[in-house]
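Residue-level structure breakdown
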Amino acid sequence: MATNGSPRPRLWCALLFAAALLATLVAVAQAEPQGPPGFNGIPWGAPREGLEHFAKLKQRGNAEFYLNTQEDFEFEGFPQPRIIYGFIEGRLYGVYVDVATQELFDMLLQRWTKEYGEPRIIDEAETYVRQWRFEHLKVKLKKIKRTGAMKLAYYFLPLYEHVELALDQGAEDIDEQKLDRLYWLEMMRMRGTSMP
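Let me begin by describing the structure that accompanies this report. The structure presented is a predicted model; accordingly, all values stated were derived computationally and were not measured.

How each quantity is defined
Position labels on residues start from 1 in each chain and follow its written sequence. It should be noted that, the model being predicted, local features are given only for residues of pLDDT at least 70 and side-chain atom pairs only at 80 or more, the latter also being counted only at that level, while totals for whole chains, interfaces and linings use all residues. Only hydrogens and water are removed before side-chain values are computed, so all heavy atoms of the structure are retained for them. Think of it this way: any DSSP run of H or I at least four residues long counts as a helix, any run of E at least two long counts as a strand, and we number them from the N terminus. Think of it in three bands: residues with accessible area under 20% of the maximum for their type are buried, residues over 50% are exposed, and the middle band is partly exposed, with areas taken using a 1.4 Å probe on protein chains only. Throughout, a residue-residue contact means that at least one pair of heavy atoms, one from each residue, lies within 4.5 Å. Residue-level accessible areas treat just the shown protein chains as cover; the underlying method is Shrake-Rupley with a 1.4 Å probe. For this analysis, a ring pair means two rings from Phe, Tyr or Trp (six-membered ring only for Trp) whose centres lie within 6.5 Å, classed as stacked if their planes differ by under 30 degrees, edge-to-face if by over 60, and tilted for the remaining angles. Here, a charge over a ring means that NZ of Lys or CZ of Arg falls within 6 Å of the ring centre while also lying within 35 degrees of the ring normal. Expected helix span is given by 1.5 Å per residue-to-residue step, counting one fewer step than there are residues. Strand pairing is defined by DSSP finding a minimum of two bridges between the two strands. Each axis is a line fitted through C-alpha atoms, taken for helices only over the stretch in contact, and angles between the N-to-C directions span 0 to 180 degrees. Between Lys or Arg on one side and Asp or Glu on the other, a salt bridge is scored when a side-chain nitrogen of the former is within 4 Å of a carboxyl oxygen of the latter.

**Details of the overall build of the chain**
The number of helices and strands found in the chain is four helices and ten strands. Reading the helices (α) and strands (β) of the chain from amino to carboxyl end gives α-β-β-β-β-β-β-α-β-β-β-β-α-α. Within the chain, the proportion of its 196 residues that are buried is 40%. Summarising the internal contacts of the chain: among those between residues at least 6 apart in sequence, 49% fall at separations of at least 24. Here the chain displays about 12600 Å² of accessible surface, and carbon together with sulfur accounts for 56% of that area.

**Some words on the packing of aromatic side chains**
According to the stated counting rule, one finds 16 aromatic pairs in the structure shown. On the basis of an interplanar angle of 40 degrees and a centroid distance of 4.8 Å, the ring pair of Phe39 and Phe73 is categorised as tilted. With Phe39 in strand 1 (residues 38–39) and Phe73 in the loop between strand 4 (63–68) and strand 5 (83–88), this residue pair connects regions lying 34 residues apart in the sequence. Residue class for Phe39 comes out buried when judged on its relative accessible area of 3%. Accessibility expressed as a relative area gives 16% for Phe73, which makes it buried. Positioned above the aromatic ring of Phe65, the side-chain terminus of Lys58 is 5.3 Å from the ring centre. Of note, Lys143 hangs over the ring of Phe105, and the distance from its end group to the ring centre comes to 5.4 Å.

**Some points on helix 2 (residues 102–116)**
Taking 1.5 Å of rise per residue, 15 residues should cover 21 Å, and helix 2 covers 21 Å from first to last C-alpha, within 8% of that figure. Contacts from the buried residues of helix 2 go to strand 6 (91–99), strand 8 (127–133), strand 9 (137–144) and strand 10 (150–156). Positive backbone phi, approximately 95 degrees, marks Gly117, located one or two places after helix 2.

**A look at the sheet that holds strand 9**
Consider a sheet: its strands pair through backbone hydrogen bonds, and that pairing is either parallel or antiparallel. Strand order in the open sheet formed by eight strands is 3-4-5-6-10-9-8-7, with antiparallel pairing between adjacent strands. The sheet terminates laterally at strand 3 (54–60) and strand 7 (120–123), the two strands that pair on one side only. Neighbour-to-neighbour, the strand axes of the sheet open up by a mean angle of 25 degrees, direction not taken into account. Where strand 7 and strand 8 come together, four bridges link them in antiparallel fashion. Paired with Arg120 across the strands is Gln131, a residue of strand 8.

**Notes on the pattern of salt bridges**
Note on pairing: side chains with opposite charge can pair once their charged atoms come close. A full pass over the atoms with the stated rule returns five salt bridges. Close ionic contact of Asp98 with Arg82 constitutes a salt bridge, the shortest N to O distance being 2.7 Å. Taken together, the residues Asp98 in strand 6 and Arg82 in the loop between strand 4 and strand 5 connect sequence positions 16 residues apart. Ionic pairing is found between Lys151 and Asp98, a salt bridge with its closest N-O pair at 2.8 Å. Here Lys151, found in strand 10, pairs with Asp98, found in strand 6; they are 53 residues apart in sequence, far enough to count as distant.

This is how it looks when you write it as structure tokens:
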């Protein structure tokens, strides 16, 4: 039994308004860049178990670092970079890509800026960083001031926040030299090649 003061028209208006608001929020959320869902076909958080051709390089703190000996990845016009995959509790939390030249660094900066907007610039004592941050991903394009070494690093935040690497700077420098040698030796061993 309806009367002139019936709440039904107001209820319908409220429901229509709520539906329109929800549609607008979904459209805005979809318009925000989310960053890449993974790296070279491997989703963030993927389990290490089941990934073929991965060889362990080292462990630092509670993180393990691997290389893919059958890597098929390249930046347009540049040779395949050294790529290190970081895992915590057996799941992919990060990827570290060597950037060999200033030309490649500039190309990556331009591409990321075009796709995801202006980066946040962090000028630290040792490192100059351009950073993009998404809901679950942080991406850094960084240059070490002292050595000129450049890297593109991806961090899957739900896992990265649990990584504990704790090393002093001197140990890190030695570790990087050892890591580079281990990387190339392992690549040659797994591919059955030797140095010329």
